[in-house]
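Structural overview for review
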Number of protein chains: 4
Amino acid sequence: MTSGGALIGVSVLTAGSPTWLYQLSKTGRLCVPAINVNDSVTKQKFDNLYCCKESLLKGLKRTTDVMFGGKQVVVCGYGGVGKGCCASLKAMGAIVYVTEVDPICALQACMDGFRVTTLCEVVKQVDVVITCTGNKSVVRREHLDRMKNGCIVCNMGHSNTEIDLESIRTAELRWEHVRTQVHHVIWPDGKRVVLLAEGRLLNLSCSTVPSFVLSITAATQALALIELFNAPEGRYKHDVYLLPKKMDEYVASLHLSIFDAHLSELTDDQAKYLGIKKQGPFKPTYYR
Amino acid sequence: MTSGGALIGVSVLTAGSPTWLYQLSKTGRLCVPAINVNDSVTKQKFDNLYCCKESLLKGLKRTTDVMFGGKQVVVCGYGGVGKGCCASLKAMGAIVYVTEVDPICALQACMDGFRVTTLCEVVKQVDVVITCTGNKSVVRREHLDRMKNGCIVCNMGHSNTEIDLESIRTAELRWEHVRTQVHHVIWPDGKRVVLLAEGRLLNLSCSTVPSFVLSITAATQALALIELFNAPEGRYKHDVYLLPKKMDEYVASLHLSIFDAHLSELTDDQAKYLGIKKQGPFKPTYYR
Amino acid sequence: MTSGGALIGVSVLTAGSPTWLYQLSKTGRLCVPAINVNDSVTKQKFDNLYCCKESLLKGLKRTTDVMFGGKQVVVCGYGGVGKGCCASLKAMGAIVYVTEVDPICALQACMDGFRVTTLCEVVKQVDVVITCTGNKSVVRREHLDRMKNGCIVCNMGHSNTEIDLESIRTAELRWEHVRTQVHHVIWPDGKRVVLLAEGRLLNLSCSTVPSFVLSITAATQALALIELFNAPEGRYKHDVYLLPKKMDEYVASLHLSIFDAHLSELTDDQAKYLGIKKQGPFKPTYYR
Amino acid sequence: MTSGGALIGVSVLTAGSPTWLYQLSKTGRLCVPAINVNDSVTKQKFDNLYCCKESLLKGLKRTTDVMFGGKQVVVCGYGGVGKGCCASLKAMGAIVYVTEVDPICALQACMDGFRVTTLCEVVKQVDVVITCTGNKSVVRREHLDRMKNGCIVCNMGHSNTEIDLESIRTAELRWEHVRTQVHHVIWPDGKRVVLLAEGRLLNLSCSTVPSFVLSITAATQALALIELFNAPEGRYKHDVYLLPKKMDEYVASLHLSIFDAHLSELTDDQAKYLGIKKQGPFKPTYYR
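The following paragraphs examine the structure supplied in this document. All of these numbers come straight from a predicted model, not from anything done at the bench. (Residues numbered from 1 in each chain as written. Chains lettered and ligands numbered in written order. Predicted model: local features only at pLDDT ≥ 70, side-chain atom pairs only at ≥ 80, totals over all residues. Heavy atoms only, no water.)

1. Let's talk about the overall build of chain A
Test applied: The numbering of helices and of strands both runs from the N terminus, where a helix is a DSSP run of H or I of at least 4 residues and a strand a run of E of at least 2. Residue burial is assigned from relative accessible area. The probe radius is 1.4 Å, only protein chains are included, and a residue is buried under 20% of its type maximum, exposed over 50%, and partly exposed in between. Residue contacts are defined here by distance: any two heavy atoms, one from each residue, within 4.5 Å place the two residues in contact. For the accessible areas, the method is Shrake-Rupley and the probe is 1.4 Å, while residue cover comes only from the protein chains on display. Just so you know, the count uses Lys and Arg for positive and Asp and Glu for negative, and it drops His and the chain ends. Where a charge lies is defined by one atom per residue type: Lys uses NZ, Arg uses CZ, Asp uses CG and Glu uses CD.
When helices and strands are tallied, chain A shows 10 helices and 13 strands. For chain A, the spread of C-alpha atoms along the principal axes amounts to about 70 × 45 × 35 Å. For chain A, the residues scored as buried account for 59% of the 288 residues in total. Considering only contacts in chain A between residues 6 or more positions apart, those separated by 24 or more positions represent 64%. Entry remark: accessible area of chain A is about 11,100 Å², with carbon and sulfur atoms responsible for 55%. Both charge centroids of chain A, one from 33 positive and one from 27 negative side chains, sit 2 Å from each other.

Take a look at the structure:
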């Protein structure tokens, strides 16, 4: 955001950007205030969790017409995106395995009823592999070599790095473009792996994002910019800030009417008991 | 925790305590370092969400033998505890309504498939009322007067303040102790409201807490104390700290073997890509 | 099926046909044996329940991109198709109401956690109306007039009779063809109702049927014909027969390998205890 | 049921009895009419499915306080009882395996998202074993020998024959009665298997049956007897009959008001279209 030609501040929404901003900030090279909208509650919970829960099914059905009932699926990563994917797959009757590096997320997966295992252990038996890690080279040649014929591979995480495509762009494997966003990668023995969107984000390439969730995310982004623009001198230094809880709550409140949802109001007495204001913010900043 | 008679630090686990500590800190009256374990991920997610999901059903079955299928239930509050209660009730075939003051939690309830409404609007039709707010006087005489005959009222939130008991300890209402932890409060017209545990916590009074979840919580609490004890001079000031993410992750990792869960490991390349260490912490402190 | 020009028998698969056959049989006008495949277990449970569970979501997403989370939906009819639709909608976070004429199905809906109500009572508040009744004129002008702007109406039941289209093919309403299989019907005040597939079956017009389920149904149909062809003189009279349980079971057994499912085998002792043969049939004919 | 000392007819409710009656009938030894209430829709769907769904959780919690989240459970049998058990276990976060002899039930289990396997294959890894087969000796010494320490074994099926108790009432195994309805069977190496209710029905021995479901079942039983008593001479021969659909529907209709459920009514036109009476029966006799 600029004012009279000068950059006033930055608001970032994608998963990778905050990391990069925090690194700039740590090394003193961040020259404007930045608001990390990506880690706001509305972004994490609504955009990641609910949006992926909805768009995964559509993306898979549109490209492959796969039946979910009884399918064995491994989901790599159990953050917000992974949680959304696992929830809808389980709900539709798939048997879901989870891989994780973070023990907290792994324990959540266990308690939610998913077997936590490594990709190596299950890759031979699954019908679908979905990456949601935010990391690179999660699905590698060693995994792809062991998949069974017809296994579907796709990425719901970020960018196009989660599946190591270089490792299968080799002479001995044949690629066949069978329809929009669908390639068959064919091994010398005839085995076919079904690769969606060439490893790019399935929800963006082969599905659609519910406009309602987009509205939540865009409102959050807009409010962050307005806050940076209107903030009195000195409120924000050249650092990275989380979105004030109050704004997160405001965005949410704007989106309740479509559900005909009716909020309750705190009495004076209750607000005092909780030590908060009647109009919020209702939770501490670190609340998720 | 004391050393040689001197208080070294404090670690707090219950929902109310952090508020009180932050107030002490703000006013400069906190005379030792404090770790807010209550807001650690393992406490919020495991103790609140999963524990209540399990113990609510047992508490209700043990005291009232209520059948869940088709029952209309209103859950007041959609934080960790409310989310757990709603999840198990919905899973068991109940029709669940949610009341909330916080628009973010309200929007989550909507997206999870619950009607968000006020207690006044649904209290006449529901079979069960459950409080999970952390607040006081959420169920008041005006609500109790409108409940139907046989409505069950109980508290999963905190303390014994969520249901305004004073308002029904009056001359015109008769209390009948029908069995352990179960009272019938009888209106002059014969209507009976079934009050569990006299408004105290159902999960502690009428159910049991899974020992596995207790182990998670106790381990977190113990590690916080060890950290305060071992911390070099100056690491912690007279302030309130969240549990270091690394410890949260360590506690979780200790509890994976019971599920035969297998963690994946980051490659050097992947750790570098994410800008984190291979052994974690895997998430920023504010991650939930 | 004919042999040397003569009709040998009939096998029927669609919902309406058995009724018609039973009427022919009752009045002595059925001139060949008929097998009612429609009421075989594999047809009722797999084709109706599971197939609709999968294809409803795809049909709605493809035509309208509707987000399911928090949407209010009324499903008319709680037979096999209705049960499948309700299960997937609930799983995806919709709030589902059911209408029924049959008290047994209505009670099942209650126990499964759905509010059973009449279309008149909820039609003003819902976002989506889905018919699964096998009946005619279930959604009538009186209902369509009361729907809110943007309400989606579609048919998963049978034929194109469930929505009374004649009643909205009138001069005062304008039809706009907004995209393939999607019409907006526009009221004089500007209200739009979103009509899918002009009231024809959504799963056939706007979605796809999982090939796996088709395989089950086609195998059942084929076996019924083979049975009629091979049956010794006199096994089948000019009447309507249910598919022999043994064949139903055989079809199912052919479809287990895709799931890597491993059947258990009865010991001699167990078969004797149950009074059945070790190779089945395992259930009485009337078992569903 | 007798009249003036003479037996008029029999109505049977339990799973085993119909088999026995059909055998009597086939061999011409049934000397009165019998109504097989066990296979009525209300008995199969409500008593078996919903009742077990509710009572399993209570039975397990009351006796063992087991946490369901993340537990591996094998359910032997996927009929009405098994379906109910699996549904609630999955809903509460358990990982559920199913064993079956009948390929139709096995395929249903697959489509519902359960791995179908043999007891031998999973018995080493599971935390709980539940029998719902209606058969004998389903869990045998060879399985019990391979269970892990602390594995819980119980029976939801019928009688006390599903677990082969004789095989563990042997000298080398020690039985310890640890509390009401709970025995530890201790192997020479110290391994303990937790046996509930000495293999009798968990839902009857350690839980309670929802009174609502009992009311449905008892009403069905009573109506069957009234029908036999009032039936004009000749309506029923010395044979086994299924409960007339009309009565099944009547019982269901009596139980709708507790849910505030509102039935829809057929118009004359709709009834004619379906070829049925406006007041039902709404489904053919073989409908489940």
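2. Some details on unusual backbone geometry
Backbone torsion omega between Gly280(A) and Pro281(A) reads 0 degrees, so that peptide bond is classified as cis. Within the secondary structure, Pro281(A) is located in the segment after helix H10 (268-274). The phi dihedral of Gln181(C) is positive, around 70 degrees, even though this residue is not glycine. In this structure, Gln181(C) sits in the loop between strand E10 (174-179) and strand E11 (182-186).

3. Brief notes about the interface of chain B and chain A
Which entries qualify depends on this criterion: In the sections that follow, a salt bridge refers to a side-chain nitrogen of Lys or Arg positioned within 4 Å of a carboxyl oxygen of Asp or Glu. Distance and chemistry together define a polar contact, namely a pair of N or O atoms within 3.5 Å, with one atom able to donate a hydrogen and the other to accept it when in protein, and with adjacent residues in sequence counting only for side-chain atoms on both sides.
Each side of the interface is counted separately: chain B has 66 residues, and chain A has 67 residues. Lys136(B) is paired through a salt bridge with Asp269(A); the nearest N and O atoms lie 3.0 Å apart. Where chain B packs against chain A, one counts 22 residue pairs in polar contact (both at pLDDT 80 or more). Sort the elements by how many residues they give to the side of chain B that touches chain A and helix H4 (residues 103-111) of chain B lands first, with eight residues.

4. Some points on the pairing of strand E11 (residues 182-186) of chain D
All names here are of chain D. Under the convention used in this document: Two strands pair if DSSP finds at least two bridges between them.
When you tally the buried positions in E11, you get five out of five residues, the bulk of the element. Side chains Val 182, His 184 and Ile 186 of E11 all project onto a buried face; the interleaved residues His 183 and Val 185 project onto the opposite face, where all are buried too. Across five bridges, strand E10 (residues 174-179) lies against E11 in antiparallel orientation. Residue pairing in the sheet places His 177 in a bridge with His 183 of E11. Where E10 folds back onto E11 in an antiparallel hairpin, the turn is made up of two residues, including Gln 181, whose phi is positive at roughly 65 degrees. Both E11 and strand E12 (residues 192-196) contribute to a ladder of five bridges, which runs antiparallel. Each bridged residue has a counterpart across the sheet, and for Val 185 the counterpart in E12 is Val 193. Connecting E11 to the next strand, E12, in antiparallel fashion are five residues, including Gly 190 with a positive phi near 95 degrees.

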